[in-house]
Amino acid sequence: MSTQKFSTQALHAGHNTKLNGGTRAVPIYQTSSYVFNDSDHAADLFSLAKPGFIYTRLNNPTNDILEQRLAAIEGGIGAVVTASGTAAINTALLTLLRAGDHIVASSSLYGGTYNLLKNTLPRFGITTTFVDPQNPQNFTKAAKENTRVFFAESLGNPKLDVLDLKAISKEAKAYKVPFIVDNTVATPYLLNPIEHGADIVIHSLTKYINGNGTTLGGVIIDAGKFDWSSGKFPEFTEPSPGYHGLVYHDVLQESAFIAKVRIEGLRDHGAALSPYNAFQIIQGLETLKVRIKEHSKNALELAKWLKEQPEVKWVNYPGLEDNKYYDLAKQYLPEGQSGLVTFGVEGGYEDAKKIADETQIFSLLANIGDTKSLIIHPASTTHQQLTEEEQATTGVTQDLIRLSVGLEDIEDLKSDLKGVFTKLKKRDLV
Ligand SMILES: *Cc1c(COP(=O)(O)O)cnc(C)c1O
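Note that the structure is predicted; figures quoted are calculated from it, not measured.

A. Representation of the sheet that holds strand E2 (residues 102-106). Strands sit in the order E1-E7-E6-E5-E4-E2-E3 across an open sheet of seven strands; the sheet is mixed. Each end of this open sheet is capped by a strand with a single partner; those strands are strand E1 (78-82) and strand E3 (127-131). When the angles between neighbouring strand axes are averaged without regard to direction, this sheet yields 20°. The sheet contact formed by E2 and strand E4 (residues 147-153) spans four bridges and is parallel. Each residue of the ladder has a partner; that of Val 104, found in E4, is Phe 150. Across the face of the sheet, helix H7 (residues 165-175) comes into contact with E4 and strand E5 (179-182) while running at roughly 150° to E5. Along the sheet, helix H11 (residues 256-269) makes contact with E1, strand E6 (200-204) and strand E7 (218-222), crossing E1 at roughly 25°.

Put into structure tokens, the structure is as follows:
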């Protein structure tokens, strides 16, 4: 594996300029299919005897470069890009699991993931027990004989809880199940979960990696370290009828999982990334380091400022010294704690909604990780479908406002919020 550092890999990994016509920028290969030399060549590609491109639902030269780059910066052996972050989670889980299997997941999850695990996968016989991840042993305590995956977010959205990845990896290892970590909010610049024992890393590329709110994408990255041969994963140790009897573990060894994600997951579920979107995401990834440092700096300063405002009841940002997760943040996110800040106001649900309605620079929308600042009131929007109890376990209180702090001038961001606080106060007086 390359010894190059993050900044270099984010710009160069996977792109051989000589093989790509001398192009300095990664070209967009906007093609659905690839001409075979002859039928024997085609047969070799289909049987995996030779590497090569077959059809863009499975692989594409632009996507391939993005995959190599993401695998390099996360320290994985391989990656598969998908149409969205949600597609990455779904494709990873459906590659591993079958009806009757069970997941233990952190309760502090992105709303869409929570819904997938809680409501949609059970329709296919895959159930989930949600646990408080702050006690790593909770994962093992909730595990059953049919448990096949531990799943968590390294920095929970929107709870902003920092996970003790090392401790949870240990539990997963002892239970012989892979530990899947959604590293979207932390980003690969601030944190590499594989270094701390994660087996599979997922990102929504839609957020900080693309970084400017234009493009959806996702990725599954394989550490290549998990032992699939324990007997718990017949998908990898028994002949696959969907691939002419291939036994993934025997033939593909450490790349069994990521190969199966591509040749069965993408083939059968079809959530391929458009090469045009891969190109956009590559542009974003090139500047991830400089952006995420600035997002983190702005977020920390805004969090400190919010704490001083009389209208603000509480502020949550793992970079604040009195934060519950500060010690874990120092250990796992020493270079910055990313761009999300949450806070609550005295007026609860109604006032939180009003604040989200009234800001001028912060846009009211359901996204994070844009260069522009964003605001949302999760209880009435992204987490509306959840019961109040479920909202509480995912960290969403009625008064919680989530900010995705952008790259604007910090003084303008403070003025924007201050203006709204003042307006609300005046309204209360009349
Ligand atoms: C947005 C998000 C997702 C889903 O990604 P999409 O690209 O929107 O499908 C998954 N996990 C986290 C933590 C997210 O923030």
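Now that the structure has been shown, we can carry on.
B. Just the site of the ligand, in detail. The immediate surroundings of the ligand are formed by 13 residues, with Thr 86, Asp 182, Ser 204, Thr 206 and Lys 207 found nearest. A distance of 2.6 Å is found between a nitrogen atom of the ligand and a side-chain nitrogen or oxygen belonging to Asp 182. Between Ser 204 and the ligand, the recorded distance is 2.8 Å, taken from a side-chain N or O atom to an oxygen atom. Taken together, the residues that form the shell around the ligand break down as two nonpolar, eight polar and three charged.

C. Spatial organisation of the pattern of salt bridges. A full pass over the atoms with the stated rule returns 16 salt bridges. For Lys 260, the salt bridge goes to Glu 235, with nearest N and O atoms at 3.9 Å. You can see Lys 260 sitting in helix H11 and its partner Glu 235 sitting in helix H9 (residues 234-237), a full 25 residues away along the chain. Taking relative accessible area as the criterion, Lys 260 reaches 4% and is therefore assigned buried. On the basis of relative accessibility, which here comes to 18%, the residue Glu 235 falls in the buried class. Its salt-bridge partner being Arg 267, residue Asp 268 comes within 2.6 Å of it at the nearest N-O pair. For Asp 268, a relative accessible area of 47% translates into the label partly exposed.

D. A look at the side chain of Glu 171. Of note, Glu 171 is situated in helix H7. Contacts of Glu 171, omitting those with residues within four sequence positions, involve Pro 136, Gln 137, Thr 140 and Phe 150.

E. Quick look at unusual backbone geometry. Each neighbour pair has its own omega, and for Asn 157 with Pro 158 the value is 10°, a cis peptide bond. Relative to the helices and strands, Pro 158 resides in the loop between E4 and H7. The backbone of His 244 sits at a positive phi, close to 35°, despite the residue not being glycine. Along the chain, His 244 turns up in the loop between H9 and helix H10 (248-252). One non-glycine residue, Gln 253, lies in the positive phi region at around 50°.

Procedures and definitions
- Throughout, residues of each chain are indexed from 1 in the direction in which the sequence is written.
- Under the rules for a predicted model, residues below a pLDDT of 70 receive no local features and side-chain atom pairs below 80 are neither given nor counted, while totals for whole chains, interfaces and linings still include all residues.
- Here the side-chain values reflect all heavy atoms present in the structure, with hydrogen atoms and water set aside.
- Two strands are counted as paired when DSSP detects at least two bridges linking them.
- Helical segments are the DSSP runs of H or I of at least four residues, strand segments are the runs of E of at least two, and each set is numbered from the N terminus.
- Only the contacting stretch of a helix is used when fitting its axis, a line to C-alpha atoms as for every element, and angles between N-to-C directions run 0 to 180 degrees.
- The contact rule is simple, with two residues in contact once any of their heavy atoms fall within 4.5 Å.
- Proximity criterion: a residue is near a molecule or strand once any of its heavy atoms comes within 4 Å of it.
- Two N or O atoms form a polar contact when they lie within 3.5 Å of each other; inside protein one atom must be a possible hydrogen donor and the other a possible acceptor, and for residues adjacent in sequence the pair counts only when both atoms belong to side chains.
- Gly counts as polar in this scheme, as do all residues outside two lists: the nonpolar Ala, Val, Leu, Ile, Met, Phe, Trp, Tyr, Cys and Pro, and the charged Asp, Glu, Lys and Arg.
- Salt bridge, as used here: a side-chain nitrogen of Lys or Arg that lies within 4 Å of a carboxyl oxygen of Asp or Glu.
- The classification of residues rests on relative accessible area computed with a 1.4 Å probe and restricted to protein chains. Under 20% of the type maximum is buried, over 50% is exposed, and intermediate values are partly exposed.

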